Amino acid sequence: MLSTPCSQETSDAEIQELFQLMDVNKDQKLAPKELDCILRALGINATEADLIEFIGELPALSEAADKDCVTYDQFAESIKKNMALTSETDSLQVTFNAFDHAGDGFIDGEKLKSVLSNLGLQFQDSDIQGIIQHVGSSGRITFHQFQQFMLNNDDII
């Protein structure tokens, strides 16, 4: 997934202006090379594989649509979706950091039990280890594992 440091205030007009600036041949489509330029302007450094994945994930507007290019509507919808995910990821990072008070990038059983205890929630050590094993691996939880768990469990957040 491509992630962007764009602010939530990035407007439709700004997205459209960037699109028009990068649409070098003015055909109302972005070829992969043009797409790479616009993403870099938004602060997204994408690999060629990222670009191919990005284009492949976009819904085709019609059967005759050029599957190797991106229209403005496809681009704007995807950028807005990525901006929303980035905002959610930022919130999850703050939450993760509350558990990772040592700042080492991991939540282990001791940290999890401490934070839950501070919230007034009491768990047995076996329950804590069960949570760690369900969400993480090797006896601890990374931010990526925490994020995946939180985003894939609608009843959690």
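Residues numbered from 1 in each chain as written. Predicted model: local features only at pLDDT ≥ 70, side-chain atom pairs only at ≥ 80, totals over all residues. Heavy atoms only, no water.

## Details of the side chain of Asp23
Then comes step 1: For Asp23, the position within the fold is in the loop between α1 (12-22) and β1 (29-30).
Then comes step 2: For the buried residue Asp23, which engages in no salt bridge, the nearest side chain bearing the opposite charge is Lys26, 6.0 Å off.
Then comes step 3: Among the polar contacts made by the side chain of Asp23, one reaches the main-chain amide nitrogen of Gln28 at a distance of 2.7 Å.
Then comes step 4: The residues touching Asp23, leaving out its near neighbours within four places in the chain, are Gln28, Lys29, Leu30 and Glu34. (Helix = DSSP H or I, 4+ residues; strand = E, 2+ residues; numbered from the N terminus. Buried < 20%, exposed > 50% of the residue type's maximum accessible area, 1.4 Å probe, protein only. Lys, Arg positive; Asp, Glu negative; His and termini not counted. Salt bridge = Lys/Arg side-chain N within 4 Å of Asp/Glu carboxyl O. Polar contact = N/O pair within 3.5 Å; in protein donor to acceptor, adjacent residues only side chain to side chain. Contact = heavy atoms within 4.5 Å.)

## Quick notes on the confidence of the model for the protein chain
Then comes step 1: The predicted model of the protein chain averages 76 in pLDDT, with 78% of residues at 70 or higher.
Then comes step 2: By mean pLDDT, the top-scoring element of the protein chain is strand β4 (residues 140-142) (92), and the lowest-scoring one is helix α2 (residues 32-41) (73). (pLDDT = per-residue confidence, 0-100.)

## Let's talk about the environment of Lys29
Then comes step 1: Relative to the helices and strands, Lys29 resides in strand β1.
Then comes step 2: For Lys29, a relative accessible area of 27% gives the class partly exposed.
Then comes step 3: Considered as a pair, Lys29 and Cys69 are 40 residues apart in the sequence and their alpha carbons are 5.8 Å apart.

## What to know about the pattern of salt bridges
Then comes step 1: Applying the stated rule across the entire model yields three salt bridges.
Then comes step 2: Close ionic contact of Asp104 with Lys111 constitutes a salt bridge, the shortest N to O distance being 2.4 Å.
Then comes step 3: Residue classification places Asp104 among the partly exposed positions, given a relative accessible area of 43%.
Then comes step 4: One salt bridge connects Lys113 with Asp125, and the closest N-O pair in it is separated by 2.6 Å.

## Here we look at the nonpolar core
Then comes step 1: Membership of the largest hydrophobic core comes to 17 residues, with the highest contact counts inside it found for Ile15, Leu30, Leu35, Leu39, Phe54, Val70 and Phe75.
Then comes step 2: Mapped by element, the contributors of at least two residues to this core are α1, α2, α3 (48-57) and α4 (72-99). (Core = buried A, V, L, I, M, F, W, Y, C linked by side-chain atoms within 4.5 Å.)

## Examining the packing of helix α5 (residues 109-118) against helix α6 (residues 125-135)
Then comes step 1: The interhelical angle for the contact between α5 and α6, taken along N-to-C directions, is 115°, at an axis separation of 9 Å. Read as a crossing pair, α5 and α6 show a hand that is right-handed. Contacts between α5 and α6 involve Gly109, Leu112, Lys113 and Leu116 from the former and Asp125, Ile128, Gln129, Ile131 and Ile132 from the latter.
Then comes step 2: A breakdown of the residues in the contact of α5 with α6 according to their chemical character gives five nonpolar, two polar and two charged. (Axes fitted to C-alpha atoms, helices over the stretch in contact; angles between N-to-C directions. Left-handed = near helix turned anticlockwise from the far one by under 90°. Nonpolar A, V, L, I, M, F, W, Y, C, P; charged D, E, K, R; others polar.)

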